[in-house]
Amino acid sequence: MKLYSYFRSSSAYRVRIALNHKQIPYEYIPVHLLKDGGEQKTSAYGKINSKHEVPVLEDKNVRLSQSVAIFLYLDRANLNNPLFPKAFPDFEKCFELVELINSGIQPLQNLAVLKKLKKDFEINDEQKVQWIKDIIRNGLLAYSKKISDEGPYSMGTELTAADMFLIPQLYNAHRYEIDFTGLEKLLQIERTCLMLDSFKTAHPDIQPDSV
Ligand SMILES: N[C@@H](CCC(=O)N[C@@H](CS)C(=O)NCC(=O)O)C(=O)O
């Protein structure tokens, strides 16, 4: 498989964790989101993803964007180490957590939204950082209230897609130095996950394009 990725993209980070967890080897194709206005903006990359975003996964004649779709594909293409729980309604509960991050946090603080806020509404850097902090903290507080109390993972004893979405979002939370008060359970999950090889080798700092 091939993964179009950017080391700091939280959506690509999710997919790197999933591929590692399933022990699927892949070729890393870097797409620099900032250099020269962004390699994702080129017409050549537009042929790979008309939304001009990473991640994109290629497997033989299948090309997929959208990390949730990629997770579902990987779970059906390869039965090793499932990403989603099979049982009803655990699958749906896991999907709820995934969506809290996938549609409730990440899209509101992604590069395109931040650029538009700056261009159309002329927000300054301080306002931009405050926006990011608020979006991430409020979303993570909601996530934290929905997870299992028993741990060590979001869904309890089983590592799932929810954790693979959570850890990259926490990476962004650290980057922007949000207030972690009330988020201690999530930091405990993070400590547990970051000890696993599948998370360690997916970490932004050690990707081929990290600077
Ligand atoms: N819903 C998409 C989100 C993808 C996304 O927002 N990718 C960002 C990086 S995290 C991107 O490529 N942004 C480029 C841009 O906005 O120009 C997914 O889950 O894969």
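Residues numbered from 1 in each chain as written. Predicted model: local features only at pLDDT ≥ 70, side-chain atom pairs only at ≥ 80, totals over all residues. Heavy atoms only, no water.

1. Brief notes about the side chain of Asp-75
With respect to the helices and strands, the residue Asp-75 is situated in helix H3 (residues 67-77). For Asp-75, a relative accessible area of 11% puts it in the buried group. Side-chain polar atoms of Asp-75 contact the backbone nitrogen of Phe-84, separated by 2.9 Å. Not counting the four nearest positions on each side in its chain, Asp-75 is found in contact with Lys-22, Asn-81, Pro-82, Leu-83 and Phe-84. (Helix = DSSP H or I, 4+ residues; strand = E, 2+ residues; numbered from the N terminus. Buried < 20%, exposed > 50% of the residue type's maximum accessible area, 1.4 Å probe, protein only. Polar contact = N/O pair within 3.5 Å; in protein donor to acceptor, adjacent residues only side chain to side chain. Contact = heavy atoms within 4.5 Å.)

2. Some details on the sheet that holds strand E3 (residues 56-59)
With mixed pairing, four strands are arranged side by side in an open sheet as E2-E1-E3-E4. Either end of the sheet is taken by a strand with one partner, and the two such strands are strand E2 (27-30) and strand E4 (62-65). Mean inter-strand twist for the sheet, computed between neighbouring axes without regard to direction, equals 20°. In the sheet, strand E1 (residues 2-5) pairs with E3 via three bridges, with the strands oriented antiparallel. Bridge pairing in E3 places Lys-2 opposite Glu-58. (Pairing = 2+ DSSP bridges. Axes fitted to C-alpha atoms, helices over the stretch in contact; angles between N-to-C directions.)

3. Points about the site of the ligand
Taken together, 18 residues surround the ligand, and among them Gln-40, Val-54, Gln-66, Ser-67 and Gln-106 come closest. A distance of 2.9 Å is found between an oxygen atom of the ligand and a side-chain nitrogen or oxygen belonging to Gln-106. Between the ligand and Ala-112, the relevant distance is 3.4 Å, taken from an oxygen atom to a main-chain nitrogen or oxygen of the residue. Taken by itself the ligand offers 520 Å² of open surface, and the protein chains cover 92% of this. Taking a 2 Å distance to the grid points as the criterion, the majority of the atoms of the ligand fall inside the largest pocket. Elements that contribute at least two residues to the shell around the ligand include exactly helix H1 (10-21) and helix H5 (111-121). (Near = heavy atom within 4 Å. Areas by Shrake-Rupley, 256 points an atom, 1.4 Å probe, with all protein chains shown as cover. 1 Å grid on protein atoms, 1.4 Å probe; cavity = no way out; pocket = protein on both sides within 12 Å on 5 of 7 lines; lining within 4 Å. Sits in = over half its atoms within 2 Å of the grid points.)

4. Some points on the domain arrangement of the chain
Interfaces are often sized by the amount of accessible area the parts lose when they come together. Domain parsing of the chain yields domain 1 (2-82) and domain 2 (90-198). If you average the C-alpha positions of domain 1 and of domain 2, the two centres end up 20 Å apart. Between domain 1 and domain 2, the residue contacts involve 19 residues of the former and 21 residues of the latter. For the pair domain 1 and domain 2, the summed buried surface comes to about 1700 Å²; carbon and sulfur atoms form 65% of the total. Seen at the junction of domain 1 and domain 2, the total is zero salt bridges. The tally of links between domain 1 and domain 2 comes to two residue pairs in polar contact (both at pLDDT 80 or more). (Domains from an automatic or database assignment. Buried area = accessible area lost by both parts, 1.4 Å probe. Salt bridge = Lys/Arg side-chain N within 4 Å of Asp/Glu carboxyl O.)

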